[in-house]
Amino acid sequence: MRIEIVGRRPLLRRVTPVHRDHGGELVLDTHGLLFASPLDLAAMAALANTAKAQGASTTIITPDNPSTSSYLERMDVLARLPKGSRVQGSVPQQRRAPRADALLEVLPVSAVTEQELVDRIGLIAFTHLDPAIRGLAFQSIGELIDNAVSHGASELGAFAAAQVYTGATTGRRGMEFAICDTGIGILEHLRSNPENRDIQDEREALERALRPGVTGTQDKRGNGLADLFNVTEAGGYARLVLRSGNGLASIVARQHDQRRHYVTAADRITGTWAWLRVRYP
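Reference entry: report on the structure contained in this document. (Residues numbered from 1 in each chain as written. Predicted model: local features only at pLDDT ≥ 70, side-chain atom pairs only at ≥ 80, totals over all residues. Heavy atoms only, no water.)

### Observations regarding helix 2 (residues 66-74)
Every buried residue of helix 2 is listed here: Thr68, Ser69, Ser70, Tyr71, Leu72 and Arg74. Where helix 2 is buried, its residues contact strand 5 (33-35), helix 1 (38-53), strand 6 (57-61), strand 8 (103-109) and strand 9 (158-165). Just downstream of helix 2 lies Asp76, where phi reads positive at about 65 degrees. (Buried < 20%, exposed > 50% of the residue type's maximum accessible area, 1.4 Å probe, protein only. Helix = DSSP H or I, 4+ residues; strand = E, 2+ residues; numbered from the N terminus. Contact = heavy atoms within 4.5 Å.)

Put into structure tokens, the structure is as follows:
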């Protein structure tokens, strides 16, 4: 199977070209990649490690754009591919400056590394985000981490990445965080609660999961994923993209206004991918 990862933020879109002509090999073809979001980075690691668990090898074709290729190396995408994966193309060498306060390179996530991830995200949020929203943003990201570790747990774990943006080029400051687990997915998780056994497909499961109080357990644990938008209470702007199975949800929120869009994607993924962007003036 060859996946064309091209353009800007490609895995946030509904359609990513997939060609099923490579037998037992996964080819991550990023030669046309221009800009990668944290979700693109974490998802490539999740895809490759899932393929290995299914008996397939992985080849990554690096971006033609030298800066994009360098960024994949800088963010540890190549380092998180399974042992024995092939790299086709050039990877510019560079001196890596410490950026722990602004970047989270792709990090394998499990119950063992969860605290390290929380500490890294806390450093980034409290270093760069406005005091009015940084605590709320940290809580929202913590909800995604908890869901991946508690509900998306699998032998392969999950992969996370993050980056802050100073606004120097766009005029808008903010932070992006992504976590891609390799677990059972939102549909099966919700169906484990008898109250949700009527859900028909992944698209409906995503819509249900974002309602206040909905959970796959019978414990009352607050608003769950609905809490992801608490940052907007302090004047921030948030966008969430969730992918699970062949369902895709995109929600944009500003203060009390939310625009929700749920679709069925062209191809299925294993587990759940989540990407949260927080911005403020």
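### With respect to the pairing of strand 4 (residues 25-29)
Taken across its five residues, strand 4 has five buried, putting it largely inside the fold. Along strand 4, one buried face is formed by Glu25, Val27 and Asp29 and the opposite face, lined by Leu26 and Leu28, is buried too. Relative to strand 4, strand 1 (residues 2-4) runs parallel, the two being bridged by three bridges. Bridging from a neighbouring strand, Arg2 pairs with Val27 of strand 4. Bridging between strand 4 and strand 6 involves five bridges; their strand directions are parallel. Bridge assignment links Leu28 to a residue of strand 6, and that residue is Ile60. (Pairing = 2+ DSSP bridges.)

### Things to note about the nonpolar core
Within the largest apolar cluster, 44 residues are counted, with the highest numbers of intra-cluster contacts made by Leu104, Leu117, Met175, Phe177 and Ile179. The element contributing the most residues to this core is helix 4 (residues 131-150), with seven residues. If we skip the residues at most four places from it in the chain, Ile179 touches Val109, Leu117, Leu144, Ile145, Ala148, Ala158, Phe159, Ala160, Thr272, Trp273 and Ala274. With 34 residues, the next largest nonpolar core counts Ile5, Leu26, Leu28 and Ile60 among its residues. (Core = buried A, V, L, I, M, F, W, Y, C linked by side-chain atoms within 4.5 Å.)

### Re unusual backbone geometry
One non-glycine residue with positive phi stands out, namely Arg9, at about 50 degrees. Relative to the elements of secondary structure, Arg9 occurs in the loop between strand 2 (7-8) and strand 3 (18-19).

### Things to note about the sheet that holds strand 10 (residues 173-181)
The strand order 8-9-10-12-11 describes an open sheet built from five strands, whose pairing is antiparallel. Both edges of this open sheet fall to strand 8 and strand 11 (237-254), since each of them pairs with a single strand only. Across the sheet, the mean angle from the axis of one strand to that of its neighbour is 10 degrees, orientation sign disregarded. Direction of pairing for strand 8 relative to strand 9: antiparallel, over a ladder of five bridges. Its bridge partner being in strand 9, Pro108 is matched across the sheet by Phe159. Contacts from helix 3 (residues 114-128) reach strand 8, strand 9, strand 10 and strand 12 (257-280) within the one sheet, and its direction differs from that of strand 8 by about 160 degrees. (Axes fitted to C-alpha atoms, helices over the stretch in contact; angles between N-to-C directions.)

### Description of the pattern of salt bridges
Scanning the entire structure with this criterion turns up 12 salt bridges. Glu105 is paired through a salt bridge with Arg120; the nearest N and O atoms lie 3.2 Å apart. Pair noted here: Glu105 is in strand 8 and Arg120 is in helix 3, with a separation of 15 residues, a long-range link. Per residue, the accessibility class of Glu105 equals that of Arg120, and both read buried. Between Arg259 and Asp257 there is a salt bridge, with the nearest N and O atoms lying 3.9 Å from each other. Look at Asp257 and you get partly exposed, because its relative accessible area is 42%. Salt bridges linked by common partners bring Arg2, Glu4 and Asp29 together as one network. (Salt bridge = Lys/Arg side-chain N within 4 Å of Asp/Glu carboxyl O.)

### Here's the deal with the packing of aromatic side chains
Aromatic ring pairs are described here by two measures, namely the spacing of the ring centres and the angle between the planes. Tallying each qualifying case throughout the model produces one aromatic pair. The interplanar angle of 70 degrees and the centroid separation of 6.1 Å between the aromatic rings of Phe126 and Phe138 together place this pair among those described as edge-to-face. In this pair, Phe126 sits in helix 3 while Phe138 sits in helix 4, placing the two residues 12 residues apart along the sequence. (Phe/Tyr/Trp six-rings, centres within 6.5 Å; stacked < 30°, edge-to-face > 60°.)

On their own, these measurements won't tell you what the molecule is for.
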